[in-house]
Amino acid sequence: MSSRIPLIYSPKVLELFRNPKNLGAIPDAEIHGTAGSLACGDMIAIYIKLSSDGKTIEKAGFESYGCAANIAAASIMTEIIKGKSLEEAWNVDWKTITEELGGLPSVKYHCGVLAVGALRRAIRKYFEGRKDKPDWLPEDLTHEERHAIEEEKLMEQLSKRIQSIK
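What counts, and where the lines are drawn
Residues numbered from 1 in each chain as written. Predicted model: local features only at pLDDT ≥ 70, side-chain atom pairs only at ≥ 80, totals over all residues. Heavy atoms only, no water. Phe/Tyr/Trp six-rings, centres within 6.5 Å; stacked < 30°, edge-to-face > 60°. Helix = DSSP H or I, 4+ residues; strand = E, 2+ residues; numbered from the N terminus. Buried < 20%, exposed > 50% of the residue type's maximum accessible area, 1.4 Å probe, protein only. Lys NZ or Arg CZ within 6 Å of the ring centre and 35° of its normal. Core = buried A, V, L, I, M, F, W, Y, C linked by side-chain atoms within 4.5 Å.

### Observations concerning the packing of aromatic side chains
Centre distance and the angle of the planes are the two values used to describe a pair of aromatic rings.
Next, step 1: Summed over the entire model, instances satisfying the criterion amount to four aromatic pairs.
Next, step 2: For the ring pair W94 and Y109, a centre distance of 5.3 Å and an interplane angle of 45° mean the geometry is tilted. Taken together, the residues span a long stretch of sequence, with W94 in helix α4 (residues 94-100) and Y109 in helix α5 (residues 109-127) at a distance of 15 residues.
Next, step 3: Owing to a relative accessible area of 35%, Y109 belongs among the partly exposed residues under this scheme.
Next, step 4: Arranged with centres 5.9 Å apart and planes meeting at 85°, the rings of F127 and W136 form a pair that is edge-to-face.
Next, step 5: Among the aromatic side chains, those forming a connected cluster through ring pairs are W90, Y126, F127 and W136.
Next, step 6: A cation over a ring is seen here: R120 above W90, with NZ or CZ 5.4 Å from the ring centre.
Next, step 7: If you follow R130 out to its NZ or CZ, it ends over the ring of Y126, 4.3 Å from the centre.

### Observations concerning the nonpolar core
Next, step 1: Core analysis: the biggest nonpolar cluster contains 44 residues, and I48, I57, I81, L86, I97 and L101 have the highest contact counts within it.
Next, step 2: Elements with a minimum of two residues in this core: α1 (11-18), β1 (31-36), β2 (43-50), β3 (57-65), α2 (68-81), α3 (86-90), α4 and α5.
Next, step 3: Take this core: its biggest share by element is eleven residues, from α5.

This is the structure we're talking about:
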């Protein structure tokens, strides 16, 4: 007998899990980034295509390996950022994603953090080494970006341990 209690998801989460919006890579995306979680195994890749003037997000897509909440969070995030400037997209936070989904179980809040982490890492990467780095882009990493990096370091350490056992 299983001791697991099923999670209660909102109708919006279930709909976006079954029928995700903007699923798939964008081959000609100017901006892309990833974030993953060793704790749960979720992974998100985000792709952004800018308008011809480079000021607006024209298309946003994602690929996800993860649970219903992860897929729904990435899906709603791509919907939220379409038509926005990169600054407006940068300011989307995990709480907004959670609210737009009609809530998430507290054990699934990290799915919104992962989605935002992938988005912010992608935007930061886009501006790396460029002379036109905007004033609104903080020098220090955000909580979501640090979370993604910490997860990657844990994955590297685990991988090395597994390799040393073989």
